[in-house]
Amino acid sequence: MKSLIFDLDGTLINSLLDIALSMNNVLKKHNYPSHEIEKYNYFVGDGALVLVKNAMPDNSNEEEIKKVLKSFIEQYEQNTHNNTFAYEGIYEMLEKTESLNIKKAVLSNKPHKFTLKYMENLFNNFNFHEIHGQKVDIPKKPNPTMAIQIATKLNTNLEDMIFIGDTSTDIKTAKNANMKSIGVAWGFRPIEELKEAGADFIAHKPMDIVEYVTSL
């Protein structure tokens, strides 16, 4: 039986607006220029620190980056869920995986406490066996360490694991862990990025995930 690891932002949930608004508020507070919401499609995906570095001017020093990162985490914690929701069709897809007894996990580069908060608020009715966000003691995606640990905890061989995400980071994580990969077309990045990264399958709607997994 196949087991699934889902990315969170851009895969299960559309959180871009909350991230962008929080970051823009922090940039204004620190007298830096803000950005159009669409630019955040390319700022996110590699964790909060990289988000901050992407949003700040290129010549920013480490001290300023740390200060803005601290402000962003505080701001985002206060405004985590205002505009964030599961993508259309996600709940139906998850219900189908449960009826088929397919094991599920989440692995995100979002800070762990925020990952847990979103999963509790939006997916409390579903059985995810493992939920992991970015932690200081474990390298973030595309390093495969946590993905491989999840496979062990799910008692699933790596070749029977499928990693599902919306960016090249997710597809690279799958490759680095010797797992199959599904790129989702509704996320933050274009399909071309997922294909170039070597996604084994492109899902154009959530239920495509179940159809692909059950066809293997």
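Everything here concerns the structure above.
Residues numbered from 1 in each chain as written. Predicted model: local features only at pLDDT ≥ 70, side-chain atom pairs only at ≥ 80, totals over all residues. Heavy atoms only, no water.

Peer 1: Got a minute to help me understand the overall build of the protein chain in this structure?
Peer 2: The secondary structure content of the protein chain amounts to 10 helices and 8 strands. Rg of the C-alpha trace for the protein chain: 17 Å, near the compact-globule value of 17 Å for 216 residues, within the 12% margin. Dimensions of the protein chain, computed from C-alpha atoms along their principal axes, come out at roughly 55 × 30 × 30 Å. Long-range contacts, defined here as pairs at least 24 residues apart, represent 66% of the contacts in the protein chain between residues at least 6 apart. When the accessible surface of the protein chain is split by element, carbon and sulfur atoms take 48% of a total near 10,200 Å². If the 24 positive side-chain charges of the protein chain are averaged to one point and the 29 negative ones to another, these points end up 4 Å apart. (Helix = DSSP H or I, 4+ residues; strand = E, 2+ residues; numbered from the N terminus. Rg over C-alpha atoms; globule rule 2.2 N^0.38 Å. Contact = heavy atoms within 4.5 Å. Areas by Shrake-Rupley, 256 points an atom, 1.4 Å probe, with all protein chains shown as cover. Lys, Arg positive; Asp, Glu negative; His and termini not counted. Charge placed at Lys NZ, Arg CZ, Asp CG, Glu CD.)

Peer 1: Help me out: how do you make sense of the packing of aromatic side chains in this one?
Peer 2: Any aromatic ring pair is given by two values, namely how distant the centres are and how the planes are angled relative to each other. Per the counting criterion, the structure on display carries 9 aromatic pairs. Between the aromatic rings of Tyr91 and Phe126, the centroid separation amounts to 5.7 Å while the plane-to-plane angle is 15 degrees, which identifies the pairing as stacked. Linking Tyr91 in helix H5 (residues 90-99) with Phe126 in the loop between helix H6 (112-122) and strand E5 (130-134), this pair joins segments that are 35 residues apart in sequence. For Phe126, a relative accessible area of 14% translates into the label buried. Consider the rings of Phe201 and Tyr212, whose centres lie 4.4 Å apart with planes at 10 degrees: the pair is stacked. With Phe201 in strand E8 (residues 201-203) and Tyr212 in helix H10 (residues 206-215), the pair connects residues that are 11 residues apart, well separated along the chain. An aromatic cluster of at least three residues, connected via ring pairs, comprises Phe6, Tyr91, Phe123, Phe126 and Phe128. The ring centre of Phe128 lies 5.5 Å from the NZ or CZ of Lys104, which sits over that ring. (Phe/Tyr/Trp six-rings, centres within 6.5 Å; stacked < 30°, edge-to-face > 60°. Buried < 20%, exposed > 50% of the residue type's maximum accessible area, 1.4 Å probe, protein only. Lys NZ or Arg CZ within 6 Å of the ring centre and 35° of its normal.)

Peer 1: What is the right way to read the sheet that holds E8 from this model?
Peer 2: Backbone hydrogen bonds are what pair the strands of a sheet, in a parallel or an antiparallel way. Judged by pairing direction, the sheet is parallel, and its 6 strands sit side by side in the order E5-E4-E1-E6-E7-E8 without closing on themselves. Only two strands of the sheet have a single partner each, and these edge strands are E5 and E8. Each strand axis lies, on average, 25 degrees off the axis of its neighbour in the sheet, ignoring direction. Here strand E4 (residues 103-111) pairs with E5 via 4 bridges, running parallel. Residue pairing in the sheet places Pro111 in a bridge with Gln134 of E5. Each of E4 and E5 touches H6; the most contacted strand, E4, lies at about 135 degrees to it. (Pairing = 2+ DSSP bridges. Axes fitted to C-alpha atoms, helices over the stretch in contact; angles between N-to-C directions.)

Peer 1: Hey, could you run me through the pattern of salt bridges in this one?
Peer 2: Pairing of side chains with opposite charge becomes possible as their charged atoms draw close. Taken as a whole and judged by the stated rule, the model has 11 salt bridges. Residue Lys104 is joined to Glu98 by a salt bridge in which the shortest nitrogen-to-oxygen separation is 3.0 Å. Given a relative accessible area of 1%, Lys104 falls into the buried group. By relative accessible area, Glu98 is classed as partly exposed at 28%. Among the ionic pairs, Arg189 bridges to Glu193, the shortest N-O distance being 3.0 Å. Taken as a pair, Arg189 and Glu193 share a single burial class, namely buried. Three or more residues joined by partner-sharing salt bridges are found here, namely Asp7, Lys141 and Asp170. (Salt bridge = Lys/Arg side-chain N within 4 Å of Asp/Glu carboxyl O.)

Peer 1: I'm lost on the pairing of strand E7 (residues 180-184) in this one. Help?
Peer 2: If a strand is regular, its side chains alternate between the two faces of the sheet. Within E7, 4 of the 5 residues are buried, leaving the element largely enclosed by the surrounding structure. The parallel pair E7 and E8, bridged by helix H9 (residues 191-197), forms a crossover whose chirality is right-handed. (Right-handed = clockwise from strand over helix to strand, strands pointing away.)

Peer 1: Even after reading the chapter, I still don't get helix H7 (residues 145-153), so can you show me in this structure?
Peer 2: Along an α-helix, residues three or four apart share an orientation, since each turn contains 3.6 residues. For H7, every residue scored as buried is listed here: Met146, Ala147, Ile150 and Ala151. End-on, the buried residues of H7 take up no more than an arc of 145 degrees, which puts them together on one face. Residues of H7 that are buried in the fold lie against strand E1 (3-6), E4, E5, strand E6 (161-165) and helix H8 (168-176). At the exit of H7 stands Asn155, carrying a positive phi of roughly 55 degrees. (Arc of directions from axis to C-beta.)

Peer 1: I'm lost on the nonpolar core in this one. Help?
Peer 2: Ranked by size, the top nonpolar core spans 50 residues in total, and within it Phe6, Leu12, Met23, Phe123 and Ile209 carry the most contacts. Setting aside residues up to four positions removed in sequence, Ile209 forms contacts with Leu4, Phe6, Met93, Ile164, Ile182, Val184, Trp186 and Ala203. Ile138, Ile150, Phe163 and Ala174 belong to the second largest nonpolar core, which has 14 residues in total. (Core = buried A, V, L, I, M, F, W, Y, C linked by side-chain atoms within 4.5 Å.)

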